[in-house]
Every structure is written in C-alpha cells, then in structure tokens.
Amino acid sequence: MTDFVSYVIDGLPFGCVYALVAIGLVLTYKTAGVFNLALAVQSFLSAAVYYDLKARHDWPIVPALFVAVFVVGPVVGFILDRFLFRYLRSAPPVARLVCSLGLLVAGPEIVILWFGRTGSVNPPAITTNPDRQYHFLDYVVSQRELAIIVTTLLAVGGLMLLFRYSAIGLQMRAVVESPRMTELSGINADRVGSFAWMLSSVFAGLAGVLVAPLYVNVASQNFLFLLIAAVAAAAFGRLSSLPLTLLGGLLLGAAQGLLAAYLPSGSVLANGLRPGLPFAALFLLLLFWPGLRQRRETVDPLSGVDPPPPAPVATERSRALTIATRVFALVAIGVGSFFVFFQLDSYWLLIVTQGVVYATIFLSITVITGMGGQLSLCQATFAGVGGFTTAQLVDRYSDMPVLLTIVIGALLAAVVGGLLAIPALRLGGIYMSLATLAFAFMFNAVLVPLDWVSGGFVPLRVPRPVVGPVDFASDKAFLMLCIVVLAAVSVLVIFVRKGTTGRYLAALRASEPAAASIGINPARARVTALALSAGIAGLGGGMLVTLHGRANTVFFEPLFGLFFVVIVVTLGARSVQGAITAGLAFMLFPEFLDAVGLSASYQFIFFGLGALTFARHPEGIIEFQTRKSLTFIQGLLDRRKGPPATSAPGSPSPPGGDGAAGTRQEEPVR
Amino acid sequence: MSLLDAEEITKRFAGISALDRVSLTVERGELVGLIGPNGAGKTTFFNCLLGMLRPEGGRVVFDGVDITRLPVYKRARLGFGRTFQRVELFTGTSVRDHLLVAERSRRGDGALWKDLLNMGGPTAEELARSEETLELLGLADFADKPVESLSLGRSRLLEVGRALMTDAKLLLLDEPSSGLDRRETASLAETLRQVQQDRGTAVLLVEHDVEMVQSFCARTYVLDFGVLIASGPTTEVMSDATVRSAYLGDVV
C-alpha cells in the first residue's frame with residue numbers, strides 16, 4: 001500500500017502540469033472556440049525564456065519566473081488573439097484547427113532559432129533547493145515536486161475564485177454561452193476573449209516552466225508530449241469542466257507513475273506502453289468517454305442572425321482558356337521529364353523520386369481534407385501501415401512480388417483507416433482530428449517498436465520490384481514506376497471527385513443537414529473517404545520503403561503526419577496539382593533553403609505559417625493564384641472581344657458599399 | 001391510412017414543455033398548413049418530424065412505417081423532402097449538380113468501385129430526369145449557373161427541386177416565404193401548386209405568412225405555446241376566435 005501511494009505521488013507532478021495545460025486548452029476552446037494546439041509552443045517558449053534568464057543570465061528566480069510566465073505568456077496570448085484568431089470566429093472549426101496546427105509546426109522552430117536546439121541541460125527549478133526532501137508520514141517528496149503541486153493548486157484555486165467572484169469571471173462565463181448576446185448587454189466580448197487567451201497562455205507558460213526541470217533538457221518534443229497528455233485531460237473534462245479537467249490530469253499522472261512502477265520492464269510492449277500512455281488514454285477517452293458522445297460543436301444561439309458568409313466568386317471560364325492551360329501543363333510536364341531523365345545526377349534523381357512518392361501520399365490528404373472537409377492528422381501513420389506491411393511481407397515471403405506486397409499494404413491501411421473512421425466520425429468535427437492525432441502517437445509509441453511491425457532495431461530491407469522482364473532496380477526505371485503510380489492515383493482521385501463519392505462529400509462539406517435531407521448517409525460517405533485516403537497513403541508508404549530499400553521508422557513519425565497536412569493545406573488541398581506541388585516542394589524546398597544558406601528547419605516555419613492562410617483561402621496558394629491569374633487572362637480576353645453585354649447576375653458587390661460611402665459624403669452638408 | 005401521422009408529439013426543453021401532445025395528419029397529395037405566432041413551437045415540431053430532435057413522447061408514422069427513431073437520411077429515403085428557412089445549398093456546385101446528386105442518392109447505387117472505374121458520373125437517364133424537374137420549376141435557364149448566383153426565390157425553388165428529385169411523397173417547407181417579397185411569394189406559391197398537380201406531392205407548409213397559407217392550403221393547423229388550438233379547413237380556422245386572439249392578442 002505504501003508503495004502504491006508513493007508511486008501515485010511520483011506521478012502527481014506530471015499530472016499537475018498536464019492539468020495546467022489542459023485548463024489552458026479548455027479556456028480558449030470554451031471562450032473562443034479554438035482548440036489551441038499551439039499551447040505546446042507557448043509552454044516551450046516560457047520554459048526557454050525562464051532557462052535563458054535563470055541559467056544563462058543568472059537572474060534571480062522571482063523576476064525570471066515573472067518575465068517568463070506573467071509577461072511572455074500574456075503577450076503571446078494577446079498577439080494570437082488580436083492578430084489571428086479573432087478574425088477566424090466565423091471560420092469553420094476545421095479552419096481554426098488548421099491555423100493552430102500551423103503554429104504548432106512553425107512555433108518550436110521559431111523558438112529554437114533564438115534559443116538553440118541543444119545546450120540547455122539541467123533546466124532550473126522554481127525553488128532554491130529543489131532536491132531537498134520532505135517527509136510526510138512514510139512518503140518522501142522533493143522540493144521540486146512539492147513546488148509543482150502547490151503552484152498548480154494555487155493556480156487552479158485562483159482561477160475558480162476568479163470565475164466565481166470577479167466581474168471578468170462572470171463576463172467570461174457569459175461569453176462561453178454566447179459572445180454576441182454578451183455584446184448586446186454592453187460588454188466588450190473581444191476584450192473578454194483577449195483576457196481568456198492571455199490567461200490560457202499564462203497557464204501554459206506556468207506548466208512549461210514547471211515541467212522543464214523534470215526532463216534532462218529543454219527540448220520541443222517534451223512539450224508536444226505535454227500537449228497531448230493535456231488534450232487527454234481536457235477530454236476527460238469534456239472540454240468544458242475545469243474540476244474534471246484537473247482530476248483528469250492528476251489521474252493521468254498517477255496512472256503514469258503506477259505504470260512506470262508495476263509494468264515489467266523487460267517486454268517491448270511495456271516499454272512502448274509507458275510513454276504511450278497519454279496517447280492511448282486520449283484515444284480511448286475519445287472513443288468511450290460518455291460525455292464526449294454525440295457532441296455538436298459549440299454553436300452561438302445567435303449565430304443564425306449573422307449574414308451568411310460571402311459566397312466565393314463564381315467564375316465561368318471559356319473553353320479555349322481551359323484547353324490552353326491543359327496544353328501548357330502537358331508541355332511543362334514533358335520538358336520537366338526530359339530534364340529529370342537526361343540531365344540530373346543520381347542525387348537529384350533521388351530527390352525528385354522522393355517528391356513523386358510524397359506527392360502520392362499527399363493525394364490522400366486531397367481526398368480526406370480537400371474532398372471530405374475533415375482533418376486527419378495520422379496520414380504518415382497510414383503510410384507507415386502500408387510501408388511496414390510491405391517490408392514484413394517481403395521479409396517473410398521472399399518469392400512474393402514486391403508490387404503485390406505494396407498493394408496488400410495499401411489495402412491493409414485502408415482497412416485500418418475504415419476501422420478508425422467508424423468510431424471517430426461518430427464524434428465528428430475536431431474530435432475526429434484529435435482521435436487521428438492520438439492514433440498516430442499511440443501507433444508510434446506502442447506498435448512501431450514491436451518486432452512484427454517495424455522489425456525492431458534494424459530496419460527491414462525491401463528490394464526493388466521486378467515485373468516480368470523489367471527490373472526497377474535502376475533509379476531511372478524506379479522513378480518511371482513512381483510517376484506511373486502517381487498518375488494512376490491522380491486519375492483515380494479525379495474519378496472519385498467526379499463520381500458519386502466525391503459529389504456526396506462536396507454536398508456534405510457544404511451543408512450536412514441538406515445532404516442528409518436528400519438521403520445521403522453522412523457517416524458512410526466519410527468512412528469511405530477516410531478508408532480511401534488511408535489506402536492511398538498506405539500505397540505511398542509502400543513505394544517509399546521500396547525507394548529507400550528499407551523500412552525506417554523515421555519516415556512515418558507522427559510529426560510528419562502533422563507536417564504533411566500543413567504543407568498540403570498551404571499549397572492546395574482541393575486539387576491534384578496542389579498535392580503534386582506539395583510533394584515536390586517537400587523535397588525541393590529544403591534544397592533551395594540549403595542553396596541560399598538557411599537551415600532546413602525554415603521549411604517548418606514557412607509552411608507552418610503558410611497554413612494560417614487556410615482560413616481565408618481554403619483552396620490553398622496554388623489554386624488561389626491559378627484562379628487569380630486565369631481570371632485575369634480571361635478578363636483580358638473578354639476585353640479584346642468588347643465589353644460584355646450584361647454583367648453576370650451574381651457578380652458580387654460589397655453589400656451597401658456604395659450606399660455607405662454616399663451617406664458619409666452627405667453628412668457634412670447637414 | 002394517412003401519408004403522415006404524427007401522434008401526440010411531446011417535447012420538453014429543460015422542463016419547459018415546447019410541444020404538448022401535438023397530433024397532425026397529412027393525406028396523400030394534400031396541402032396542409034401549420035401556423036402559429038412566434039415561439040409557438042412550429043420549428044420544434046418540424047424538427048421532431050424530421051428527426052433533428054427526438055421527441056419525449058408520441059410517434060411519427062410515415063406511409064405505414066414508424067419513423068420516430070430513424071435518422072434524418074433514412075427518413076429522406078422513405079420520401080421525406082424538405083426545404084430550409086435559411087437556404088442550405090451545396091456551394092461550389094451548379095444548379096444541375098444539385099438535382100443530379102439528389103437523383104443519385106435516390107437511386108442509391110453509388111458504390112466506390114464504380115467511381116474508381118470512372119462510372120460514377122451522371123447517366124443519360126439521370127440527366128433527363130433532372131431536366132424535367134428544371135423545366136417544371138422554371139430553372140432550365142440557370143441549369144449550369146453556380147448556385148451562388150441564384151436569387152433567394154430561385155434558391156428556394158432549387159431546394160424544392162432537390163427534394164423532388166428524391167421522389168419525395170411529402171414536402172416539408174420551412175417558412176418558404178421568409179425573405180421574399182409579395183410578388184416572389186405569389187410566384188413561389190404558384191410553382192408549388194404546379195408541382196403538386198404535376199407530381200401529386202403532399203405539402204406541409206410551416207408559415208408565418210397567413211396570406212400564403214390562405215391561398216395555398218386547404219386545411220390548416222394552429223399551434224400556440226406548444227398546444228394545438230385549432231385545426232380544420234383553412235377558412236374556418238382563420239375566422240376562429242381563439243386563433244384571432246392568439247395572433248392579435250385578446251381584446252379586453
């Protein structure tokens with residue numbers, strides 16, 4: 001019994017910091033409707049600032065803590081609200097999630113530019129003598145742990161008092177109900193929102209500073225782990241209850257302490273399960289926790305009063321222009337291929353081949369995000385299912401054709417995707433994204449280390465395929481094969497988009513109630529979309545391991561899953577060209593950065609911040625620019641033919657724009 | 001047997017009774033109105049019929065099938081068509097696409113493998129059927145226009161057309177006149193009458209606009225504070241004293 005309690009106590013400090021970040025998540029989710037994945041970055045930043053001031057500049061504890069948590073935290077929170085998320089209020093939930101995902105990808109690299117990637121060992125605690133031990137009955141607690149527990153209880157207690165007894169607390173509770181209703185009663189909801197963001201950021205910063213000394217150094221991946229554990233705690237609190245969220249964090253910490261002590265340390269599964277616990281907990285909570293079932297997105301009761309968002313400009317393009325762009329594309333592909341096949345050395349050939357393979361994987365995001373309007377964060381994991389299956393099959397049955405194993409891998413990935421979709425889609429909205437996130441990390445922590453998945457420490461070898469007389473061992477031949485596969489998948493994606501599934505998904509994306517009202521089964525359409533998407537990713541994963549000749553676990557790390565989404569969404573999730581551009585950019589952009597003397601990590605910053613444009617241009621940069629230039633060319637063509645007889649019936653004019661200007665001019669006369 | 005038979009629907013929100021044992025029937029091909037002042041429970045009743053809300057008591061029988069517990073899309077497949085008060089169109093597609101996707105949903109033969117073999121596009125038969133509906137609604141000139149360019153009145157018609165493509169036996173119209181001026185309302189009512197003659201579709205019209213109900217519905221139900229206060233032939237209902245007091249307030 002004594003042991004049991006002391007193991008629980010060991011886990012509590014972690015539980016406390018999980019709870020702090022989870023409360024930060026709940027604060028912005030409830031008041032602003034933003035599930036802020038970037039909290040991991042905010043924690044990281046505060047921890048880095050504290051380290052810098054305390055360890056590198058020898059500041060005393062109190063001012064360093066004050067600046068790191070109570071200056072940096074609120075400032076970051078304010079900036080995020082004021083310059084980004086405030087403008088996304090009417091954006092769909094997925095768009096808001098994409099923005100915070102972009103920040104999650106870009107943020108750590110930005111912090112590292114200043115803070116450095118290494119050299120931050122032994123992060124300082126927030127007390128003078130952290131290793132001093134205190135004895136309570138039979139239990140021993142260090143000052144470091146005690147400080148974390150006490151600080152957390154103070155912070156949470158203070159927050160509850162704030163909510164209960166202060167004016168701003170009451171206003172925040174009102175904004176949770178309905179921001180617009182609150183504004184109608186004379187309260188500046190924007191100000192309340194900013195306050196919530198700043199408060200949330202303080203909690204994240206505090207957690208960052210507290211958790212840092214529990215690790216060897218201040219490294220960004222610790223904070224990502226912290227974030228996902230916090231998401232699990234917040235899910236336990238149904239993303240709304242603060243006491244339950246606190247309890248969820250503490251339970252998770254305690255469970256971690258117990259698991260660390262009682263699981264036999266010999267087996268690979270146990271070793272994987274220990275760090276994987278928060279991911280598994282999040283995944284299971286999302287699937288089985290009753291409070292989360294059938295939850296709709298929080299909807300403002302007055303939202304119906306808003307005018308509908310302006311419709312995208314509808315353009316009609318002349319046939320000649322469409323043909324001209326297609327011819328141009330064909331010529332560009334022809335010239336490009338000539339260049340690739342006859343001019344490039346083997347290094348660049350590999351780069352381009354990888355780009356083509358990644359483009360195939362990225363087409364899976366075109367299906368699920370572009371067509372299905374859902375955000376899946378585990379596409380790299382689906383690719384992994386395909387890749388590992390290929391490697392395992394080739395390893396065990398050496399006479400099995402490699403291409404067949406790739407196809408089997410793709411089918412297995414599709415099955416996994418479909419099975420994951422069935423429970424996840426019942427949750428819908430951001431929960432589906434969170435479930436895929438949890439799945440990605442869980443798969444990586446628990447399953448990937450196993451022998452029958454990745455082959456253990458030494459990556460499995462995969463030979464290049466031989467089809468009849470053709471041996472794809474040469475790099476040029478294999479590139480040819482990759483291009484054929486990419487082309488085939490592209491064509492399939494276009495067929496699906498034109499076909500029933502694509503049209504159902506387009507209908508669902510635009511209006512789920514209307515789609516259901518004509519008999520479309522939303523769940524079925526979306527399960528189909530995720531299974532198809534996972535299958536495509538699995539196919540790409542199989543090609544990837546075949547290209548490299550081995551199934552490295554690094555290829556399929558969950559972080560790549562996040563980055564894949566960010567890069568595709570930035571460049572264009574709606575179109576096949578978008579995915580192909582993203583695939584090539586994923587490989588060529590680091591080379592470009594290298595050529596201009598920048599580190600490759602800038603790619604995360606560029607595309608991460610690029611994803612912030614998603615809310616305004618969900619079609620992506622490529623599609624947006626293409627449409628803009630084509631509309632421009634069309635305009636030139638029209639002008640040469642003479643002025644159009646009538647303006648288009650739906651040509652958008654700013655509502656009341658002219659009238660408002662007129663009124664303003666009249667006013668001085670009065 | 002009636003086409004739609006809603007029996008004693010009861011719905012409470014946090015103890016407040018929004019609907020108290022409301023019963024309503026619609027016969028095949030009949031035009032029925034449901035009116036009531038603001039907050040009477042019209043929309044709640046509508047949502048209970050459609051499956052957007054689950055009533056605490058009562059049952060909904062449609063064409064002999066108990067549909068009280070069916071999800072929205074299954075009711076649609078049985079022949080429930082609807083329009084929305086705030087128009088819900090599939091932005092980014094054309095007018096014709098709306099009808100085609102509804103037609104495909106009615107046929108229910110959209111397997112993924114057909115898409116993968118490029119057999120998922122609209123068939124000649126589907127195109128012909130959508131053309132018929134476009135003609136009926138007078139939308140033929142707009143067939144290839146993006147829906148964003150339609151006026152509100154035509155958008156409402158398109159919603160009707162989309163519901164008709166699913167072979168709806170009953171059209172539930174949610175305040176179709178809201179946002180339309182008198183002329184547009186009259187022309188909408190005229191088109192709906194034609195649809196009813198042409199296809200024999202029954203219509204349940206939830207309306208604010210008493211004039212439209214008078215000109216359109218043979219029979220009318222009146223809701224007030226979640227209770228049915230009158231029902232019968234429209235002319236009789238409109239002259240009923242309780243109805244007048246519910247709408248105009250009691251004259252003391």
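Residues numbered from 1 in each chain as written. Chains lettered and ligands numbered in written order. Predicted model: local features only at pLDDT ≥ 70, side-chain atom pairs only at ≥ 80, totals over all residues.

**Regarding the overall build of chain B**
Then comes step 1: Each helix and strand in chain B was counted, giving ten helices and ten strands.
Then comes step 2: The C-alpha atoms of chain B give 19 Å as radius of gyration, which agrees with the globular expectation for 252 residues (18 Å, within 12%).
Then comes step 3: Projected onto its principal axes, the C-alpha positions of chain B cover 70 × 40 × 35 Å.
Then comes step 4: For chain B, the residues scored as buried account for 44% of the 252 residues in total.
Then comes step 5: Considering only intrachain contacts with a sequence separation of at least 6, the fraction spanning at least 24 residues in chain B is 68%. (Helix = DSSP H or I, 4+ residues; strand = E, 2+ residues; numbered from the N terminus. Rg over C-alpha atoms; globule rule 2.2 N^0.38 Å. Buried ≥ 20, exposed ≤ 12 C-beta atoms within 10 Å, placed from the backbone. Contact = placed C-beta atoms within 7 Å.)

**Topic: the overall build of chain A**
Then comes step 1: A count of helical and extended segments in chain A gives 26 helices and four strands.
Then comes step 2: Counting only residues that meet the buried cut, chain A has 48% of its 670 residues in that class.
Then comes step 3: Considering only contacts in chain A between residues 6 or more positions apart, those separated by 24 or more positions represent 79%.

**Considerations on the confidence of the model for chain A**
Residues and elements named next belong to chain A.
Then comes step 1: In the predicted model, chain A carries a mean pLDDT of 84, and the fraction of residues at 70 or more is 89%.
Then comes step 2: In this model residues 295–314 is a low-confidence stretch, pLDDT under 50, and it forms 22 contacts with partners more than four residues away in sequence or in other chains.
Then comes step 3: Scored below 50 in pLDDT, residues 644–670 makes eight contacts in the model with residues more than four places away or belonging to other chains. (pLDDT = per-residue confidence, 0-100.)

**Quick look at the packing of helix α13 (residues 346–371) of chain A against helix α22 (residues 558–571) of chain A**
All names here are of chain A.
Then comes step 1: The contact between α13 and α22 brings their axes to 10 Å, and the two run at 70 degrees. When the axis of α13 is compared with that of α22, the two are roughly perpendicular. Contacts between α13 and α22 involve Ile 361, Phe 362, Ile 365 and Thr 369 from the former and Phe 564, Val 565, Val 568 and Val 569 from the latter. (Axes fitted to C-alpha atoms, helices over the stretch in contact; angles between N-to-C directions. Parallel < 35°, antiparallel > 145°, perpendicular 65-115°, else oblique.)

**Some words on the interface of chain B and chain A**
Then comes step 1: Contact with chain B, which involves 30 residues of that partner, is made by 30 residues of chain A.
Then comes step 2: Among the elements of the structure, α2 (72–78), α3 (95–107) and α4 (112–116) of chain B are those that each provide at least two residues to the side of chain B that touches chain A.
Then comes step 3: Looking at which element gives the most residues to the side of chain B that touches chain A, the answer is α3 of chain B, with five residues.
Then comes step 4: Looking at the side of chain B that touches chain A residue by residue, the class counts come to ten nonpolar, ten polar and ten charged. (Nonpolar A, V, L, I, M, F, W, Y, C, P; charged D, E, K, R; others polar.)

**A look at the confidence of the model for chain B**
Then comes step 1: Summing up the model confidence of chain B, the mean pLDDT is 86 and the portion of residues at 70 or higher is 98%.
Then comes step 2: Reported confidences for the modelled complex are a pTM of 0.88 and an ipTM of 0.92.

**Brief notes about the sheet that holds strand β5 (residues 65–66) of chain B**
Residues and elements named next belong to chain B.
Then comes step 1: An order of β2-β1-β4-β5 is seen for the four strands of this open sheet, with the pairing classed as antiparallel. For this open sheet the edge positions go to β2 (16–26) and β5, each flanked by a neighbour on one side alone.
Then comes step 2: Where strand β1 (residues 4–13) meets strand β4 (residues 57–62), five bridges bridge the pair, whose relative direction is antiparallel. Considered in β4, the bridge of Glu 7 is made with Arg 59. (Pairing = 2+ DSSP bridges.)

**Brief notes about the environment of Ile 148 of chain A**
All names here are of chain A.
Then comes step 1: By secondary structure assignment, the location of Ile 148 is in helix α5 (residues 143–165).
Then comes step 2: Ile 148 sits 125 residues away from Leu 273 along the chain, and the two C-alpha atoms are 25 Å apart.
Then comes step 3: In this view, Ile 148 contacts Pro 13, Cys 16, Val 17 and Leu 210; residues no more than four positions away in its chain are not counted.

**Some words on α3 of chain B**
Then comes step 1: When the terminal C-alpha atoms of α3 of chain B are compared, their 19 Å separation across 13 residues agrees well with the 18 Å that a helix rising 1.5 Å per residue should span.
Then comes step 2: Every buried residue belonging to α3 of chain B is among Val 95, Arg 96, Asp 97, His 98, Leu 99, Leu 100, Val 101, Ala 102, Glu 103, Arg 104 and Ser 105 of chain B, and all of these are buried.
Then comes step 3: Residues of α3 of chain B that are buried in the fold lie against α19 (500–510) of chain A together with α5 (124–137) and α6 (152–165) of chain B.
Then comes step 4: Just past α3 of chain B, the residue Gly 108 of chain B takes up positive phi, approximately 65 degrees. (Expected span 1.5 Å × (residues − 1).)

**Concerning the domain arrangement of chain A**
Residue and element names in this part refer to chain A.
Then comes step 1: On domain assignment, one finds that chain A holds domain 1 (2–262) and domain 2 (324–627).
Then comes step 2: Distance between the C-alpha centres of domain 1 and domain 2: 33 Å.
Then comes step 3: On the domain 2 side, the residues contacting the 20 residues of domain 1 number 22 residues.
Then comes step 4: For the side of domain 1 that touches domain 2, the secondary-structure elements that each account for two or more residues are α4 (93–115) and α9 (220–236).
Then comes step 5: If one sorts the elements of the side of domain 1 that touches domain 2 by residue count, α4 sits on top with 14 residues.
Then comes step 6: Residue composition of the side of domain 1 that touches domain 2, by class: 18 nonpolar, one polar and one charged. (Domains from an automatic or database assignment.)

**Describing the sheet that holds strand β10 (residues 227–233) of chain B**
Residue and element names in this part refer to chain B.
Then comes step 1: If you walk across this open sheet you meet the six strands as β6-β7-β8-β3-β9-β10, and the pairing is mixed. In the strand order of this sheet, the two ends are held by β6 (80–82) and β10, each with one partner. Neighbour-to-neighbour, the strand axes of the sheet open up by a mean angle of 20 degrees, direction not taken into account.
Then comes step 2: Against the sheet, helix α1 (residues 42–50) makes contact with β3 (31–35), β6, β7 (170–174), β8 (202–207) and β9 (219–224), and its axis sits at roughly 145 degrees relative to β7, the strand it touches most.

**Brief notes about the packing of α22 of chain A against helix α23 (residues 576–595) of chain A**
All names here are of chain A.
Then comes step 1: Here α22 crosses α23 at 125 degrees, and the two axes come no closer than 8 Å. Between α22 and α23, the crossing angle belongs to the class labelled oblique. Viewed along their axes, α22 and α23 form a crossing whose handedness is right-handed. Residues Ile 567, Val 568 and Leu 571 of α22 form the contact with α23, whose own contacting residues are Gly 578, Ala 579, Thr 581, Ala 582, Ala 585 and Phe 586.
Then comes step 2: Tallied by class, residues from the contact of α22 with α23 come to seven nonpolar, two polar and no charged. (Left-handed = near helix turned anticlockwise from the far one by under 90°.)

**Digging into α6 of chain B**
All names here are of chain B.
Then comes step 1: The end-to-end C-alpha distance of α6 is 20 Å, a good match for the 20 Å that 14 residues give at a rise of 1.5 Å each.
Then comes step 2: α6 sits mainly inside the fold: twelve of its 14 residues count as buried.
Then comes step 3: Of all the positions in α6, only Arg 154, Ser 155, Arg 156, Leu 157, Leu 158, Glu 159, Val 160, Gly 161, Arg 162, Ala 163, Leu 164 and Met 165 are classed as buried.
Then comes step 4: At the exit of α6 stands Asp 167, carrying a positive phi of roughly 60 degrees.

**Quick word on the pairing of strand β2 (residues 139–142) of chain A**
Residues in a regular strand project their side chains so that they alternate between the two faces of the sheet.
Residue and element names in this part refer to chain A.
Then comes step 1: Relative to β2, strand β1 (residues 133–136) is paired through four bridges, and the arrangement is antiparallel. Residue His 135 lies in a different strand from β2, and its bridge partner there is Val 140.
Then comes step 2: Turn length for the β1-β2 hairpin, with the two strands adjacent in sequence and antiparallel, is two residues, and the turn residue Leu 137 shows positive phi of about 50 degrees.

**A word on the environment of Val 75 of chain A**
Then comes step 1: For Val 75 of chain A, the location among the structural elements is in helix α3 (residues 61–83).
Then comes step 2: Taking the number of C-beta atoms within 10 Å as the measure of exposure, Val 75 of chain A has 12 and is therefore exposed.

**Focus: unusual backbone geometry**
All names here are of chain B.
Then comes step 1: Backbone geometry places Arg 21, a non-glycine residue, at a positive phi of 45 degrees.
Then comes step 2: Its place among the elements puts Arg 21 in strand β2.
Then comes step 3: Taking the C-beta count within 10 Å as the criterion, Arg 21 has 14 such neighbours and is therefore assigned partly exposed.

**Thoughts on the environment of Ser 231 of chain B**
Residue and element names in this part refer to chain B.
Then comes step 1: Tracing the backbone through its elements, the reader meets Ser 231 in strand β10.
Then comes step 2: Residues Ser 231 and Tyr 221, spaced ten residues apart in sequence, show a C-alpha to C-alpha distance of 4.3 Å.
Then comes step 3: Dropping the residues within four chain positions of it, Ser 231 is found in contact with Thr 220, Tyr 221, Val 222 and Val 237.

**Some thoughts on the pairing of β10 of chain B**
Residue and element names in this part refer to chain B.
Then comes step 1: Taken together, the six bridges between β9 and β10 define a ladder with antiparallel strand orientation. Bridging from a neighbouring strand, Arg 219 pairs with Pro 233 of β10.
Then comes step 2: Between the antiparallel neighbours β9 and β10 lie two residues, among them Phe 225 with a positive phi of about 50 degrees.

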